[in-house]
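Observations on the three-dimensional arrangement
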Amino acid sequence: MQAVHFQRVTLDDAFWSPRLQLSASTALLHQWRQLETSGCITNFRLAAGLTQGLHSGWFFADSDAYKWLDAAARFSFAYTFSAVDNHMQQLILLIESAQTPDGYLYTYNQLLFPGSRWQNLQIEHELYCHGHLIEAAIAHFEATKTEPLLQVATRAADLVCETFLGKGAAFTPGHEEIEIALLRLYQLSGQAHYLEMATQFLEQRGGLGPIRFAMHMLRENARVNRRTKIREQQNSNFQREHPAQHSETILPKTNQAIIPRWSRERFLLGGLFGTYFQQHAPIRHQSEAVGHAVRFTYLQTAIAMLIHLTGDYSLIPSLVTRWKDVISKKSYISGGIGSLPISEAFGRAYELDPASAYAETCAALGSMFWNWEMTLLEPDAAYADQFEHLLYNAALVGIGQDMTRYLYNNPLQNNNGLHREPWFEIPCCPSNLARTWAALPGYIYTHKDETLWIHQFIGSSFEHRLPSGQAVGIKVESSLPWQGNVRIQVDPENPADFTLNVRIPSWCPHVSITLNGRDYPFISPAIMMNPPTASGFDPREAQYVAIQHTWQNGDVLQLDLSMPIILHIPHPRVKSCRAKVAVTRGPLLYCLEAEDNPGVDIFEIVLNPNSLKARFHADLFGGVTVLDGHSTSGQALTFIPYAWWANRADTRMTAYVGLGISDQTIEKE
Ligand SMILES: [Zn+2]
C-alpha cells in the first residue's frame with residue numbers, strides 16, 4: 001500500500017497540534033542554541049575555512065546538525081518561524097561551503113585527519129552522517145522545491161556510490177542509516193545507482209563471518225585508538241597555543257542507567273564478533289534481534305523499504321521473524337527496546353530489568369520507522385498498533401513537557417536520580433524526535449486501489465484521489481489518548497464505492513461503530529492467539545475492520561472505543577518483574593511517581609487491582625487522565641501516564657507495582 005505524505009495531511013488534534021507547534025518553535029530554537037554552544041555548527045564553519053579552531057564533539061556530531069535541519073525543513077512546510085528559518089538558511093550555506101568539490105562532507109576527518117576517508121566504517125560514522133545529510137536534503141527539497149541542498153546531497157550520494165559500488169562485505173557501514181537515505185533518494189530521483197548501492201550495503205552485510213569480522217575489528221579498533229591519541233595531542237597543543245579560545249563545554253553523559261554485571265564484557269564481545277553491528281550473519285540468516293538497538297531498527301527499516309521498492313519478498317520471512325522476536329521476548333511494556341546499558345543493545349530473551357533499561361528514545365523512533373514500513377508491506381494491524389504504542393510511550397517519554405528537556409535512556413523504574421537534561425554529550429535523540437513529530441501527519445493514512453486505511457486516530461484531514469480520479473475528503477476527529485471517541489467524516493464529490501479500513505486497537509476489547517447514526521454491524525476477524533509476550537502487551541490483538549459502503553457527501557462514521565484499565569502481568573521468565581504488574585489505559589502506559597504519592601514506598605507497595613479508577617485531572621500538566629487507586633493496605637495511590645514522568649522535582653518512579661494476586665491479564669472497566 002502507499003503512504004499519504006505528511007505534506008498532504010492537515011493536522012488538527014487537541015493533543016498533538018500544540019506539541020507539534022512547540023516542537024517547530026520552542027524545541028527547534030532550544031536545540032539550535034545547544035548545537036551552537038556545543039560547537040557542532042562551528043565544525044562546519046571550520047571546515048568551510050570561515051574560522052579557526054578544533055573539531056568539537058563526537059565523530060557523529062555532523063548528524064545532529066543534519067537531523068535538526070531535517071526537522072526544520074519538514075516543519076517549515078506547515079509552520080513558519082522566522083528565527084528557525086534564518087538558522088536553517090545559515091546552516092545550508094555552511095554545509096554548501098564545507099563540502100569538498102568531489103562531494104565529501106565529514107567535518108571530523110576534514111578537520112582532524114585531512115585527506116583520510118572511509119578508514120573506520122564500523123566504529124566511526126562517516127556513512128551514517130552522509131545518510132542524514134541526504135535525508136535532510138530530501139526534506140528540504142520536498143518542503144521548498146528548491147535544489148541547492150539537494151545538489152549537495154546528490155554530490156555526496158554520488159561519491160558514496162563511486163567509492164563503494166562493487167566492493168565487498170568489509171565495506172558496509174557499522175551504523176545503518178545510509179541505506180534508508182539512498183532508498184529515499186532513489187524514490188525521489190529514480191536514479192538506479194542509489195538503489196543498487198543501498199541493496200549492496202544491505203545484502204553484503206554480515207558477509208565476512210564472525211572470525212574474519214573479528215580480525216577486521218581488531219585492526220580497525222587499533223586505528224581508532226591511534227586516532228584518539230592524535231586527537232588528544234592536537235587538543236592539548238591547541239589549548240596551549242590558544243588559551244583564550246579554550247572553553248570546554250561539559251555536557252551530561254547520556255547513559256545513566258544502573259549497569260548490570262558483565263555489561264562491558266558483553267559489549268566488547270558483541271563488537272568483536274559483529275552482533276553489536278548486526279554484522280554476524282547475512283541479513284537473510286539473522287533470526288533474532290541483536291546488537292545496538294538503534295542500528296537494528298534502522299537496518300530493519302531499510303530492509304522493509306527495499307522489499308517495498310523491489311518486490312523482493314524473499315526478505316520478508318526473516319524480517320517478520322525478527323519482528324516477532326522483538327515483540328515476544330525483547331520489548332519493555334513501554335515498547336522501548338534495548339536492555340543493556342553501555343552497549344545500548346538487546347539482551348537475551350526476557351532480559352528486561354525495568355531499572356537498568358536502556359530503551360533509548362532513538363531506538364523507539366527507529367522502531368516506529370520500522371513498524372511504519374511494515375504497515376506499508378502487509379495489511380496487518382499489529383504494525384500500526386505497535387507504532388501507536390511506541391508513539392505514546394517509548395517515544396513521547398523522551399521529551400519533557402517544556403519541550404526543552406530530554407531523556408536519553410528511558411528506564412521503567414528510577415530510584416537513582418535520573419532526570420531530564422537540556423542536552424547530552426551524545427545528543428542524537430532531541431532532533432530525531434523533532435523530525436519524527438514533524439512527519440507525524442504522514443503516519444496516519446495509506447491507500448491501495450479502492451481501499452483506504454486509517455491507522456492512527458489523530459485529528460486530521462486530507463483529500464484522497466480514488467483510482468477513478470474522483471476526490472474524497474477525509475476528516476478524522478479524535479479524543480485520544482484520554483477518551484476513545486472517534487468521528488470520521490467522508491466527503492466524496494459524487495457517491496463512491498470503496499472500502500475504509502479502521503484499526504481497532506489491541507487495548508480496546510469492545511467497540512461500537514455507527515454509520516450516519518445507525519449501528520454498523522461488523523464481524524470481528526478471528527485473532528490468532530499467540531503465546532504470552534514478555535511485557536504482557538501484544539499488538540497482534542489489534543485488527544482492521546473493513547467498512548464497505550457507497551459513500552456519500554457528509555457520511556459520518558463514529559467509533560466508540562472502550563478504554564478499560566488493563567493490568568499486564570509480565571512473562572514469568574522476566575525474573576526482575578515477578579509478582580509485579582504494569583498498568584495501561586488506552587494507548588498510555590501508567591506509572592507511579594513519588595511526587596503524586598507522598599509517604600508511599602512506590603517500589604514496595606502492593607496494588608489492589610480492583611481499586612483503580614480513571615480521573616481527568618485538569619490541573620496537572622495542562623490536563624491528563626490519572627488513575628486513582630489504593631494499595632492492599634489501604635494507602636492512596638495516583639498513577640500518571642508514564643511519558644509524563646521526570647517533569648517535576650522528585651523523579652523516583654516505577655511502571656511496575658506489586659500485585660497481590662497472580663492472574664493473567666486482567667481487564668477492569
Ligand atoms: Zn538517541
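Definitions and cut-offs
- Residues numbered from 1 in each chain as written.
- Predicted model: local features only at pLDDT ≥ 70, side-chain atom pairs only at ≥ 80, totals over all residues.
- Heavy atoms only, no water.
- Donors = N, O, S within 2.8 Å, 3.2 Å for Na, K, Ca; no water.
- Tetrahedral: all angles 85-135°; square planar, octahedral: opposite > 155°, others 65-115°.
- Helix = DSSP H or I, 4+ residues; strand = E, 2+ residues; numbered from the N terminus.
- Buried < 20%, exposed > 50% of the residue type's maximum accessible area, 1.4 Å probe, protein only.
- Pairing = 2+ DSSP bridges.
- Expected span 1.5 Å × (residues − 1).
- Bend = angle between axes of the 7 residues up to and from the residue.
- Phe/Tyr/Trp six-rings, centres within 6.5 Å; stacked < 30°, edge-to-face > 60°.
- Disulfide = S-S within 2.5 Å.
- pLDDT = per-residue confidence, 0-100.
- Contact = heavy atoms within 4.5 Å.
- Axes fitted to C-alpha atoms, helices over the stretch in contact; angles between N-to-C directions.
- Left-handed = near helix turned anticlockwise from the far one by under 90°.
- Nonpolar A, V, L, I, M, F, W, Y, C, P; charged D, E, K, R; others polar.

At the metal site, the zinc ion is ligated by Glu360 (OE), Cys362 (SG), Cys428 (SG) and Cys429 (SG), and these contacts range over 1.9 to 2.3 Å. Around the zinc ion, the 4 donor atoms are arranged such that angles at the metal cover 95 to 120°; this shape is classified as tetrahedral. In primary-sequence terms, the residues that donate to the zinc ion follow E-x1-C-x65-C-C. Residue Glu360 is found in the loop between helix 13 (316-329) and helix 14 (361-377), and its partner Cys429 is found in helix 16 (residues 428-438); the two are separated by 69 residues along the sequence. Overall, the relative accessible area of 1% leaves Cys429 in the buried class.

With that settled, consider the sheet that holds strand 4 (residues 445-448). Across the sheet, which stays open at both edges, the 5 strands sit in the order 1-4-5-9-12 with mixed pairing between neighbours. Edge positions in the sheet fall to strand 1 (2-3) and strand 12 (543-551), since each of these pairs with one other strand and no more. Here strand 1 pairs with strand 4 via 2 bridges, running antiparallel. Its bridge partner lying in strand 4, Gln2 is registered against His447.

Here we take up helix 1 (residues 16-37). Between its terminal C-alpha atoms helix 1 stretches 30 Å, which fits the 32 Å expected from 22 residues at 1.5 Å a residue. At Ser23, helix 1 is bent by approximately 40°, the largest bend along its length. Directly beyond the C-terminal end of helix 1, a positive phi value near 90° is found at Gly39.

Here we take up the packing of aromatic side chains. As enumerated under the stated definition, the model contains 34 aromatic pairs in all. Judged by centre distance (5.8 Å) and plane angle (45°), the rings of Phe15 and Tyr392 are tilted. Of this pair, Phe15 sits in the loop between strand 2 (10-11) and helix 1 while Tyr392 is found in helix 15 (residues 381-395), placing the two residues 377 residues apart along the sequence. Each member of the pair, Phe15 together with Tyr392, is buried. With a centroid separation of 5.7 Å and 90° between ring planes, the pair formed by Trp58 and Phe59 is classed as edge-to-face. Since its relative accessible area comes to 35%, Trp58 is described here as partly exposed. By relative accessible area, which is 11% here, Phe59 ends up buried.

Moving on, we come to the pairing of strand 16 (residues 588-593). Counting buried positions along strand 16 yields 6 of 6 residues, so the element is predominantly enclosed. Of the two faces of strand 16, the one holding Leu588, Tyr590 and Leu592 and the one holding Leu589, Cys591 and Glu593 are both buried throughout. Here strand 15 (residues 580-585) folds back onto strand 16, and the loop between the two strands holds 2 residues, one of which, Gly586, carries a positive phi near 60°. In the sheet, strand 16 pairs with strand 20 (residues 636-641) via 3 bridges, with the strands oriented antiparallel. Counterpart to Leu592 in the pairing with strand 20 is Phe639. Summarising the sheet, strand 16 and strand 21 (residues 653-654) pair through 2 bridges and their orientation is antiparallel. Bridge pairing in strand 21 places Glu593 opposite Met653.

Our next topic: the state of the cysteines. Inspection of every chain in the model, using the stated rule, returns 0 disulfides. The thiol of Cys161 is unpaired, and the distance to the nearest cysteine sulfur, on Cys129, comes to 17 Å.

On average, the protein scores 94 in pLDDT, and the residues at 70 or more come to 96%. Low pLDDT, under 50, characterises residues 662-669; the predicted model gives this stretch 23 contacts beyond four residues in sequence or across chains.

This next bit is on the sheet that holds strand 10 (residues 511-515). Read from one edge to the other, the open sheet built from 7 strands follows the order 2-6-7-8-13-10-11, with strand pairing classed as antiparallel. This sheet does not close on itself; its edge strands, each paired only once, are strand 2 and strand 11 (518-519). Bridge count for strand 2 against strand 6 (residues 460-465) is 2 bridges, and the pairing is antiparallel. Looking across to strand 6, one finds that Leu11 is bridged to Ser460.

With that settled, consider the packing of helix 1 against helix 16. The contact between helix 1 and helix 16 brings their axes to 10 Å, and the two run at 145°. Regarding helix 1 and helix 16, the two cross each other, and that crossing is left-handed. Contacts between helix 1 and helix 16 involve Trp16, Arg19, Leu20, Ser23, Leu28 and Gln31 on the former and, on the latter, Pro430, Ser431, Ala434 and Trp437. Per-class residue counts for the contact of helix 1 with helix 16 are 6 nonpolar, 3 polar and 1 charged.

Before going further, it helps to spend a moment on unusual backbone geometry. Across the junction of Leu480 and Pro481, the peptide omega takes the value 0°, indicating a cis bond. Take Pro481: it is sitting in the loop between strand 7 (471-478) and strand 8 (485-492). Unlike most non-glycine residues, Trp118 shows phi in positive territory, near 55°. Its location among the elements puts Trp118 in the loop between helix 5 (107-112) and helix 6 (126-144). Positive phi, normally seen in glycine, also occurs at Trp262, with a value near 70°. Counting through the fold element by element, Trp262 comes out in the loop between helix 10 (209-241) and helix 11 (263-273). When its relative accessible area of 52% is taken as the criterion, Trp262 is described as exposed.

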